[in-house]
Amino acid sequence: MPKPNFTPALLMSFVIIGIIVCLVLFPHDGFQAALRGVSIWWDVLFPALFPFFVISEIMLGFGIVHFFGTLLDPMMRPLFRIPGIGGFVMAMGFAAGYPVAAKLTAQLWEQKLVNREEGERLVAFTTSSDPIFLIGAVSIGFFHDATLAFILAIAHYGGSFLIGLTMRFHGRKAIPTPQPIKERGPIWKQAFETMHNARMQDGRSLGILLSDSILHSLRLIFVVGGLVVFFSVVLEVLTSAQVMNVFYLLITSLLTITGLPHELSQAVMNGLFEVTLGAKAAGGAPADLALSSKVAIGAFILSWAGMSVHAQIVSLLSHTNMRYLPFLFARLLHGFLSAAIVLLIWEPMQQFRSPQAVFAPHYDAAAPLMSYLKLIFPISAMVFVGAFAVIMGLFLAYSLLKLVYEKVGGTR
């Protein structure tokens, strides 16, 4: 019988006790951080995420997700080595932001539509920021420059697709989920039949489906809010206790090695814990720093997503057999790729940075809920359609390369 290892439990116990001590020593700082976390959750996350949580539940119940899965299966498998249903998850993840993609992936795993490795690939590259947060909060709210939205979007979503192509090599020996049985007739007809079968298998009436969707979504949105408040408080009290100084020194050294200003270590440290706090610190960095460096750090923070989002993902995947380490690796790689893309395209993109070059959404602080609801759907719809267009473009490129390879004597 192997000897039990109590080291992880002891370390976690000491960390928790340390946080409690800091809360006792700095109660005012912790309380103010909690208020800021609640404000972020209510003003930004609740209106931005809750509608998509409900909609995704309803679409699963009606079989619409299965419809898109059948249509996209011939393209998603060769590109990303995931079933076609992952294309819908990708589009919803890009349109609604984290952690919608993880929620959908966990539901697909429960229905045995993806296996462990396919789910890990899917969560790794579909966990991204939503366009409302990227444009309205980061570009306009934190950097006060709407023209940066193009650069951040190219770096963030372009990095996501690169992660998807990279993660296709993850779990290469795993047996993929079986492909849908090919039947005679056009693929759209097969997609409708699949949707009908999924709807019949679900069996819930519209009223029950809507009620269940709202209840499940409310429970999830409260979990998301609790994690945001928790990490906001932990970061604040640890900073007040000077515990974070060691990490600041380490981050400063890493920034110096990469050639980025060490003054951005505060933004990186905040972003490691909570994406909103980190992006705000990057936008509020000293004005004499190069804007390209601040935007690169902002892109890194958006792609890393913060431990708050990581905790949400772990919570959503806790009842599945999917592992956290592939997601952690993908977030780190996505962060570095996004920062590198910003620095790479910064000069060529300057010609597009004009006041008319980007749609700047109007946000009314007096009515935050209605403002976000009016902005979410049109912009997210464009991202939703754009994600499908990119899938089609990648598939056409893949088909062309495969054809050329076969013409010159290849066998695969």
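Residues numbered from 1 in each chain as written. Predicted model: local features only at pLDDT ≥ 70, side-chain atom pairs only at ≥ 80, totals over all residues. Heavy atoms only, no water.

Enquirer: Can you help me understand the environment of I55 in this one?
Expert: As for its placement among the helices and strands, I55 is situated in helix 2 (residues 27–62). Under the relative-accessibility criterion, I55 is labelled partly exposed at 30%. Distance from I55 to L210, taken between C-alpha atoms, is 9.1 Å for residues 155 residues apart in sequence. (Helix = DSSP H or I, 4+ residues; strand = E, 2+ residues; numbered from the N terminus. Buried < 20%, exposed > 50% of the residue type's maximum accessible area, 1.4 Å probe, protein only.)

Enquirer: Before we go on, may I ask you to explain helix 9 (residues 187–202) in this structure?
Expert: For helix 9, spanning 16 residues, the distance from its first C-alpha to its last is 23 Å, which sits close to the expected 22 Å at 1.5 Å a residue. Among all positions in helix 9, only Q190, A191, A198 and R199 are buried. A positive backbone phi angle near 80° is found at G203, which sits one or two residues after helix 9. (Expected span 1.5 Å × (residues − 1).)

Enquirer: What should I look at first to understand the packing of helix 12 (residues 265–273) against helix 13 (residues 275–283) in this one?
Expert: A pair of packed helices is characterised by two quantities: the angle between their axes and the separation of those axes. The geometry of helix 12 relative to helix 13 is characterised by a closest axis approach of 6 Å and an angle of 165° between their N-to-C directions. Classified by the interaxial angle, the pair formed by helix 12 and helix 13 is roughly antiparallel. Viewed along their axes, helix 12 and helix 13 form a crossing whose handedness is left-handed. Contacts between helix 12 and helix 13 involve A267, N270, G271 and F273 on the former and, on the latter, V275, L277, G278, A281 and A282. Broken down by class, the residue content of the contact of helix 12 with helix 13 amounts to six nonpolar, three polar and no charged. (Axes fitted to C-alpha atoms, helices over the stretch in contact; angles between N-to-C directions. Parallel < 35°, antiparallel > 145°, perpendicular 65-115°, else oblique. Left-handed = near helix turned anticlockwise from the far one by under 90°. Contact = heavy atoms within 4.5 Å. Nonpolar A, V, L, I, M, F, W, Y, C, P; charged D, E, K, R; others polar.)

Enquirer: What is the right way to read the confidence of the model for the chain from this model?
Expert: Residues shown with low pLDDT carry predicted positions that ought not to be read at fine detail. For the chain, per-residue confidence averages 82 on the pLDDT scale, and 89% of positions sit at 70 or higher. Within the model, the stretch residues 356–361 combines pLDDT values under 50 with 15 contacts to residues more than four positions away or in other chains. (pLDDT = per-residue confidence, 0-100.)

Enquirer: Explain the packing of aromatic side chains to me, please; I cannot follow it from the model alone.
Expert: Aromatic ring pairs are described here by two measures, namely the spacing of the ring centres and the angle between the planes. Applying the stated criterion across every chain yields a total of 12 aromatic pairs. Between the aromatic rings of W41 and W42, the centroid separation amounts to 6.2 Å while the plane-to-plane angle is 50°, which identifies the pairing as tilted. Ring geometry for Y324 against F327: centres 6.2 Å apart, planes inclined by 40°, an arrangement best described as tilted. Classification of Y324 by relative accessible area gives partly exposed; the value is 29%. Members of the aromatic cluster, joined through ring pairs, are W41, W42, F46, F50 and F222. Positioned over the ring face of F169 is R168, at 5.6 Å from the centre of the ring. For the cation-ring pair, R199 lies above F62, with the distance from its terminal atom to the ring centre recorded as 4.7 Å. (Phe/Tyr/Trp six-rings, centres within 6.5 Å; stacked < 30°, edge-to-face > 60°. Lys NZ or Arg CZ within 6 Å of the ring centre and 35° of its normal.)

Enquirer: Is there a simple way to explain the environment of L113 in this structure?
Expert: Tracing the backbone through its elements, the reader meets L113 in the loop between helix 5 (100–110) and helix 6 (116–126). Owing to a relative accessible area of 26%, L113 belongs among the partly exposed residues under this scheme. Placed 28 residues apart in sequence, L113 and I85 show a C-alpha to C-alpha distance of 8.1 Å. The contact partners of L113, leaving out residues within four places of it in the chain, are H66, P83, I85, L108 and T177.

Enquirer: What exactly am I supposed to notice about the pattern of salt bridges here?
Expert: Between side chains of opposite charge, pairing is possible as soon as their charged atoms come close. This model, assessed by the stated rule, comprises five salt bridges. The shortest N-O distance in the salt bridge between R323 and E120 comes to 2.8 Å. In this pair, R323 sits in the loop between helix 15 (306–317) and helix 16 (325–345) while E120 sits in helix 6, placing the two residues 203 residues apart along the sequence. On the accessibility criterion, E120 (3% relative accessible area) is buried. (Salt bridge = Lys/Arg side-chain N within 4 Å of Asp/Glu carboxyl O.)

Enquirer: I keep staring at the packing of helix 7 (residues 131–142) against helix 13 and nothing clicks. Help me out?
Expert: The contact between helix 7 and helix 13 brings their axes to 8 Å, and the two run at 35°. Along the contact surface, helix 7 presents F133, V138 and F142, while helix 13 presents V275, T276, A279, K280 and G283. Here the residues of the contact of helix 7 with helix 13 sort into five nonpolar, two polar and one charged.

Enquirer: What exactly am I supposed to notice about the environment of M167 here?
Expert: Relative to the assigned elements, M167 resides in helix 8 (residues 148–167). Take M167: its relative accessible area is 4%, and that puts it in the buried class. Taking the C-alpha atoms as reference points, M167 and L122, separated by 45 residues in sequence, lie 8.6 Å from one another. Ignoring any residue separated from it by four or fewer positions in sequence, one finds M167 in contact with E120, R121, A124, P326, F329 and A330.

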